[in-house]
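For reference, the chains in residue letters:
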Amino acid sequence: MERTLRHSFVFALLFMLTLVCASAQARDLPDFTELVEQAAPGVVNISTTRTVTSGGFSYHGPGGEDIPEIFRRFFGDQLPMPGGGQKREHERKSLGSGFVISEDGYIMTNAHVVKDADEILVRLNDRRELEAELVGADAKTDVALLKVDADSLPTLDIGNSDRLEVGEWVAAIGSPFGFDHSVTAGIVSAINRTIPTDAYVPFIQTDVAINPGNSGGPLFNLDGEVVGINSQIFTRNGGYMGLSFAIPITVAMNVADQLKSDGRVNRGWLGVVIQPVSRDLAESFGLDGPAGALIADLDPEGPAARDGLEAGDVILGVNGQDVDRSSSLPRLIGRVSPGEEVELDVMRDGRQREVTVTVGDWPDAEDGKQASSMTDGSQARLGLTVSSLDEQVLERLGIDGGVAVDSVEPGSVAQEAGIRSGDVLVSVDHQAVSSPKQLMSVIESLGADRAVPVRLYREGRSLYVAMRLKSE
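An account of the accompanying structure is given in this report. (Residues numbered from 1 in each chain as written. Predicted model: local features only at pLDDT ≥ 70, side-chain atom pairs only at ≥ 80, totals over all residues. Heavy atoms only, no water.)

Some details on the overall build of the protein chain
Reasoning step 1: Tallying secondary structure elements over the protein chain gives 11 helices and 27 strands in all.
Reasoning step 2: Out of the 472 residues belonging to the protein chain, those deemed buried represent 46%.
Reasoning step 3: Long-range contacts, defined as pairs at least 24 residues apart, comprise 61% of the intrachain contacts of the protein chain with a sequence gap of at least 6.
Reasoning step 4: Total accessible area on the protein chain stands at roughly 24,400 Å², and carbon and sulfur atoms take up 49% of it. (Helix = DSSP H or I, 4+ residues; strand = E, 2+ residues; numbered from the N terminus. Buried < 20%, exposed > 50% of the residue type's maximum accessible area, 1.4 Å probe, protein only. Contact = heavy atoms within 4.5 Å. Areas by Shrake-Rupley, 256 points an atom, 1.4 Å probe, with all protein chains shown as cover.)

Describing the packing of aromatic side chains
The relative placement of two aromatic rings is captured by the distance of their centres and the angle of their planes.
Reasoning step 1: If you walk through the whole model with that rule in mind, you get 2 aromatic pairs.
Reasoning step 2: On the numbers, 6.2 Å between centres and 75° between planes, the contact of Phe203 with Phe245 is edge-to-face. Within this pair, whereas Phe203 is found in strand β10 (residues 198-206), its partner Phe245 is found in strand β13 (residues 244-248), the two being separated by 42 residues in sequence.
Reasoning step 3: A cation sits over an aromatic face here: Lys147 above Tyr106, 5.5 Å from the ring centre.
Reasoning step 4: Between the NZ or CZ atom of Lys260 and the centre of the ring of Tyr106, over which it lies, the distance is 4.3 Å. (Phe/Tyr/Trp six-rings, centres within 6.5 Å; stacked < 30°, edge-to-face > 60°. Lys NZ or Arg CZ within 6 Å of the ring centre and 35° of its normal.)

A short note on the side chain of Asp313
Reasoning step 1: Structurally, Asp313 is set in the loop between α7 (303-306) and β17 (314-318).
Reasoning step 2: In terms of polar contacts, Asp313 uses its side chain to reach the backbone amide nitrogen of Glu310, at 2.8 Å.
Reasoning step 3: If near-sequence neighbours (up to four positions away) are discounted, Asp313 is found in contact with Ala293, Leu294, Ile295, Gly308, Val346, Met347 and Arg348. (Polar contact = N/O pair within 3.5 Å; in protein donor to acceptor, adjacent residues only side chain to side chain.)

Regarding helix α5 (residues 249-262)
Reasoning step 1: End to end, α5 covers 19 Å across 14 residues, agreeing with the expected 20 Å (1.5 Å per residue, within 8%).
Reasoning step 2: Positive phi appears at Gly263, one or two residues downstream of α5, with a value of about 75°. (Expected span 1.5 Å × (residues − 1).)

Focus: the side chain of Ser231
Reasoning step 1: Relative to the helices and strands, Ser231 resides in strand β12 (residues 225-233).
Reasoning step 2: Here Ser231 falls in the buried class, since its relative accessible area comes to 5%.
Reasoning step 3: In this structure the side chain of Ser231 is engaged in a polar contact, spanning 2.9 Å, whose partner is the side chain of Asp142.
Reasoning step 4: Those residues in contact with Ser231 that lie beyond four places of it in its chain are Asn110, His112, Asp142, Phe203, Ser215, Phe245, Ala246 and Ile247.

Some thoughts on the environment of Leu124
Reasoning step 1: Take Leu124: it is sitting in the loop between β4 (119-123) and β5 (129-138).
Reasoning step 2: Classification of Leu124 as buried rests on a relative accessible area of 6%.
Reasoning step 3: Residue contacts for Leu124: discarding those within four places in its chain leaves Val44, Leu130 and Leu153.

Some points on the nonpolar core
Note that soluble globular proteins tend to have their nonpolar side chains buried in a common cluster.
Reasoning step 1: In this structure, Met108, Phe220, Ile247 and Ile249 are the most contacted members of the largest nonpolar core, which totals 29 residues.
Reasoning step 2: Those elements giving two or more residues to this core turn out to be α2 (33-39), β3 (106-109), β6 (143-148), β8 (169-174), β10, β12, β13 and α5.
Reasoning step 3: A per-element tally of this core places α5 first, with 7 residues.
Reasoning step 4: The next biggest cluster of nonpolar side chains, apart from the first, holds 23 residues, and it includes Val386, Ala417, Leu446 and Leu463. (Core = buried A, V, L, I, M, F, W, Y, C linked by side-chain atoms within 4.5 Å.)

What about the pairing of β6?
Reasoning step 1: Summarising burial for β6: 5 of the 6 residues are buried, a large majority.
Reasoning step 2: Pairing of β3 with β6 involves 4 bridges; the strand directions are antiparallel. Across the sheet, Met108 pairs through a bridge with Leu145, a residue of β6.
Reasoning step 3: Relative to β6, β5 runs antiparallel, the two sharing 6 bridges. Residue Asp138 lies in a different strand from β6, and its bridge partner there is Val143. (Pairing = 2+ DSSP bridges.)

With respect to helix α11 (residues 436-445)
Reasoning step 1: Listing the buried residues of α11 in full gives Pro436, Leu439, Val442 and Ile443. Looking down the long axis of α11, one finds its buried residues gathered within 120° of arc, a one-sided arrangement. What points out from α11, more than 90 degrees from its buried face, is the exposed set Glu444 and Ser445.
Reasoning step 2: Looking at the packing, one finds that the buried side of α11 touches β22 (384-388), β23 (403-408), β24 (424-428) and β25 (431-432).
Reasoning step 3: The distance from a side-chain oxygen at the start of α11 to the backbone nitrogen of Gln438 is 3.1 Å, and the residue carrying that oxygen is Ser435. (Arc of directions from axis to C-beta.)

With respect to unusual backbone geometry
Reasoning step 1: Positioned with a positive phi, Asn192 is a non-glycine residue whose angle comes to about 60°.
Reasoning step 2: Within the secondary structure, Asn192 is located in strand β9 (residues 182-195).
Reasoning step 3: If you check the backbone angles, Asp349 has positive phi at about 55° while not being a glycine.
Reasoning step 4: Looking at the secondary structure, you find Asp349 in the loop between β19 (341-348) and β20 (351-358).
Reasoning step 5: With a relative accessible area of 71%, Asp349 lands in the exposed category.

Section: the pattern of salt bridges
Reasoning step 1: Taken as a whole, this structure holds 10 salt bridges when the rule is applied.
Reasoning step 2: We note a salt bridge from Asp180 to Arg123, for which the minimum N-O separation is 2.7 Å. Placement of the pair is Asp180 in the loop between β8 and β9 and Arg123 in strand β4, with a sequence separation of 57 residues.
Reasoning step 3: For the salt bridge of Arg264 with Asp361, the shortest nitrogen-to-oxygen distance reads 3.0 Å. Note that Arg264 is positioned in the loop between α5 and β14 (268-269) and Asp361 in strand β21 (residues 360-361), a separation of 97 residues in sequence.
Reasoning step 4: Of the residues examined, Asp361 reaches a relative accessible area of 31% and is grouped as partly exposed.
Reasoning step 5: Counted as one network, the salt bridges with shared partners bring together Arg123, Arg127, Glu129 and Asp180. (Salt bridge = Lys/Arg side-chain N within 4 Å of Asp/Glu carboxyl O.)

Overview of the environment of Asp180
Reasoning step 1: For Asp180 and Asn125, which are 55 residues apart along the polypeptide, the C-alpha to C-alpha distance reads 8.8 Å.
Reasoning step 2: Excluding its chain neighbours within four sequence positions, the residues that come into contact with Asp180 are Asn45, Arg123, Arg127, Gly174 and Ser175.

This is the structure we're talking about:
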């Protein structure tokens, strides 16, 4: 009996200690209730409407909804259905999020949320719906600035994303699948992430649950400050899979300020085609390790060629900042205002030297009223980025000429034609293409709204795809 009581006492003591430890651990976890209470009024829901013309056969669900995404992946906007055949116009709606950055009605969101919108409606936390004007959009950073006619709006505190650390707690408020003001939380998984189609954005990677409808919404630190704009997810099924990416707020605010003052974004341009430096290349160039951006080709009329850079140069630094990998160079140059000089640390012929270059203006800069293609300027009409191939690569592939497809923008003309990243583009409309500049020349000579044959080299075989060019 005494032993049983002793065991019961020990068990009860251990149970109490477990509860105390669990309670202590719970107290160490962040509490987002105060953050949400203060920040929620400054977060808005954004809905857009645009008119889409479907040619040939078309599909509408019982309620007039668009083609389901699973079918659009295969058929685009024209799904074969019995009884169709005539062109028709219908409205396509989309949802996103945004947040108020000034009391007089300026709102920030993603460029892709409002792209090609005929009407933009902003729903505030108090359920007011206001029509918004698109002040400007920059597709290269996926940032858009809106303006509503209102005063004394609740604003959010803007933080400093440069101070973010991996492992730090963050939270998001947005409208996933249309569910207004949904709150999710997680940690910063990585910083300065590079995504192939977005060379100008050093993304914040988090494990915060983000889904369609969250795009354009704010990412907060524990102080309730906005440190990012939720922009993209990595997914194979259309939903959250543990990887989400946000635009650093320092990048976004710089873009917003330019859109507000000038209606467009000015960013620096060197006029070079770069590639990563592998370990073997580093050794061959006399570098201590794989770092920098290797110049594979230059625009003969660009700033780099004019001021003395050469193909084969490896750019190791910009104004004292190291270029640790090739993806860092576009960001560093993009921050420089056109017309300013930069000091480049360059490795050439086994020796380091300083080269001063006066940075040019990005050649495809627009007035910012609509989002433009997130590609190299010369291939904007197609929605892809290409680079030159050297003789050794051409010989290894067994072809006489072509350009490498580095990235393809989702929803672009190139993607609709079936062109993929990694393809080699050999000819367009039976005209051989051997350089990015020649591709630009061929594309500019072609008319709109007609299909042209494109010959590709993919995975050891040649094939043709049909590409329908659209009006610019």
